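Summary of the model geometry
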Amino acid sequence: MYKILLLIGVISLSVSAQQSSELSVDMKNIGLSYKKVMHAENKVDLLMSLEAMATLISNIQKEQFKPDLQKQSIEGLEKVLSVISVAKKYAENDDIKSAKKALERVDRYRKEYHKLHEPPSIWQLLFG
């Protein structure tokens, strides 16, 4: 019985780690897309990069976050999609500068929401 419980625990930890790893890879891909967006020099490149970024975010929204952070994580992704929508409108009107200016909010959201997902420090674990 003990061996079965141990085996179940190990399997559930490995599944959880795999999901976390996939989410981490997806988030890094969004970061790369953001860099491409910010380096785009013409309307076509900017719109293509924005579309790729929006697709990645839509895919991430389907993934499972930690239960206590699910609502906040989805909220952050929705904010980013909203900014992308605004940036697309600017880009479609050939206003690349304004599109990039609007996208600077994405970096602020990234910093804000990544704080939610930071692992606790050793001191927090020890002293609460």
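As shown above, the structure is provided for reference.
Here we summarise the structure given alongside this text. Bear in mind that the values here come from a model prediction, so they are computed numbers and not experimental data.

About the criteria used
- Residues numbered from 1 in each chain as written.
- Predicted model: local features only at pLDDT ≥ 70, side-chain atom pairs only at ≥ 80, totals over all residues.
- Heavy atoms only, no water.
- Helix = DSSP H or I, 4+ residues; strand = E, 2+ residues; numbered from the N terminus.
- Expected span 1.5 Å × (residues − 1).
- Buried < 20%, exposed > 50% of the residue type's maximum accessible area, 1.4 Å probe, protein only.
- Core = buried A, V, L, I, M, F, W, Y, C linked by side-chain atoms within 4.5 Å.
- Contact = heavy atoms within 4.5 Å.
- Patch = residues over 30% accessible without salt bridge, like charges linked within 9 Å, V, L, I, M, F, W, Y side chains within 5 Å.
- Areas by Shrake-Rupley, 256 points an atom, 1.4 Å probe, with all protein chains shown as cover.
- Salt bridge = Lys/Arg side-chain N within 4 Å of Asp/Glu carboxyl O.

A closer look at helix H3 (residues 70-92)
For H3, built from 23 residues, the straight-helix expectation of 33 Å at 1.5 Å per residue is met to within 8% by its first-to-last C-alpha distance of 33 Å. Here H3 has its buried residues at Ser73, Gly76, Leu77, Val80, Leu81, Val83, Ile84, Ala87, Lys88 and Ala91. Once H3 finishes, aspartate 94 follows within two positions and takes phi at roughly 60 degrees, a positive value.

Section: the nonpolar core
Ranked by size, the top nonpolar core spans 25 residues in total, and within it Leu46, Met53, Ile57, Ile84 and Leu103 carry the most contacts. It is H3 that contributes the most residues to this core, seven residues altogether. Look past the residues within four positions of methionine 53 in its chain and what remains in contact with it is Ile30, Ser33, Tyr34, Val37, Val80, Ile84 and Val106.

Considering a nonpolar patch on the surface
Side chains of Ile122, Trp123 and Phe127 sit close together on the surface and give an oily, nonpolar patch of about 430 Å² of accessible area. Relative to the helices and strands, phenylalanine 127 is located in helix H5 (residues 122-127). By relative accessible area, which is 68% here, phenylalanine 127 ends up exposed.

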